[in-house]
Amino acid sequence: MTTSRWLALAFWTTMGVGMVVDAQAGASGNETGALLIAVASALLMFGWYLADSNEHNIDRTIWLNIAVVAIGIIALPYYRFRYFGARRGAVFLGWAIAAFVGTAILATLFVA
């Protein structure tokens, strides 16, 4: 398994844990864990982007680097569509949406 796949797996695991932590924090009022999860998710997302672009020999621009950190939910699909084409970009977006929905369902099951 490539580095980018390990980072993607770590990101989605962190997102699932984050959803559970958010649900628990809502009941207790403690937001520290949620903040730590958000920072860890942003770092993992940026790490995935770096690893993926290195694996495909893509030159990154400073503005895209900044956008991935600032607005990753928009910048990452843009990155995939721009450098890999419409078909692979759409597949990436579909998998990302499916992973988010699956993670949300699993997190809901753990909280309930």
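Residues numbered from 1 in each chain as written. Predicted model: local features only at pLDDT ≥ 70, side-chain atom pairs only at ≥ 80, totals over all residues. Heavy atoms only, no water.

Draft legend 1. Here's a closer look at the overall build of the protein chain. Summing up its helical and strand segments, the protein chain has four helices and zero strands in all. For the protein chain, the succession of helices and strands along the chain, N to C, is α-α-α-α. Projected onto its principal axes, the C-alpha coordinates of the protein chain cover approximately 45 × 25 × 25 Å. The buried share of the protein chain, taken over its 112 residues, is 29%. Taking as baseline every contact in the protein chain between residues at least 6 positions apart, the subset at least 24 positions apart corresponds to 58%. Element-wise, carbon and sulfur atoms account for 71% of the exposed surface of the protein chain, whose accessible area totals about 7300 Å². If the 6 positive side-chain charges of the protein chain are averaged to one point and the 5 negative ones to another, these points end up 14 Å apart. (Helix = DSSP H or I, 4+ residues; strand = E, 2+ residues; numbered from the N terminus. Buried < 20%, exposed > 50% of the residue type's maximum accessible area, 1.4 Å probe, protein only. Contact = heavy atoms within 4.5 Å. Areas by Shrake-Rupley, 256 points an atom, 1.4 Å probe, with all protein chains shown as cover. Lys, Arg positive; Asp, Glu negative; His and termini not counted. Charge placed at Lys NZ, Arg CZ, Asp CG, Glu CD.)

Draft legend 2. Region of interest: the side chain of threonine 103. Within the element layout of this structure, threonine 103 appears in helix α4 (residues 72-111). Each residue touching threonine 103, except ones within four places of it in the same chain, is listed here: Trp12, Met15, Gly16 and Met19.

Draft legend 3. Spatial organisation of the nonpolar core. Counting 13 residues, the largest nonpolar core has Trp48, Tyr49, Leu64, Val68, Ala75, Leu76 and Tyr79 as the members making the most contacts within it. Elements represented by at least two residues in this core include exactly α2 (32-55), α3 (62-70) and α4. The residues contacting tyrosine 49, other than those within four sequence positions of it, are Arg60, Thr61, Leu64, Asn65, Val68, Leu76 and Tyr79. (Core = buried A, V, L, I, M, F, W, Y, C linked by side-chain atoms within 4.5 Å.)

Draft legend 4. Geometry of the environment of leucine 76. Topologically, leucine 76 is positioned in helix α4. Sequence separation of leucine 76 and glycine 102 is 26 residues, and the distance between their C-alpha atoms is 19 Å.

Draft legend 5. Structural context of unusual backbone geometry. Residues other than glycine seldom take positive phi values, yet asparagine 57 does so here, at roughly 55°. A relative accessible area of 70% places asparagine 57 in the exposed class.

Draft legend 6. Inspection of the packing of aromatic side chains at higher detail. Applying the stated criterion across every chain yields a total of seven aromatic pairs. A centroid spacing of 5.9 Å and a plane angle of 85° characterise the contact between tyrosine 79 and phenylalanine 84, whose relative ring orientation is edge-to-face. In this pair, the class of tyrosine 79 matches that of phenylalanine 84, namely buried. Across from the ring centre of phenylalanine 84, 4.1 Å away, lies the NZ or CZ of arginine 80, which sits over that ring. (Phe/Tyr/Trp six-rings, centres within 6.5 Å; stacked < 30°, edge-to-face > 60°. Lys NZ or Arg CZ within 6 Å of the ring centre and 35° of its normal.)

Draft legend 7. Expanded view of the pattern of salt bridges. Going through the model one piece at a time under the given rule, you end up with one salt bridge. A salt bridge links aspartate 52 to arginine 80; the shortest N-O distance between them is 2.7 Å. On the criterion of sequence distance, the pair formed by aspartate 52 in helix α2 and arginine 80 in helix α4 is long-range, its members being 28 residues apart. Here aspartate 52 and arginine 80 have matching classes, each one buried. (Salt bridge = Lys/Arg side-chain N within 4 Å of Asp/Glu carboxyl O.)

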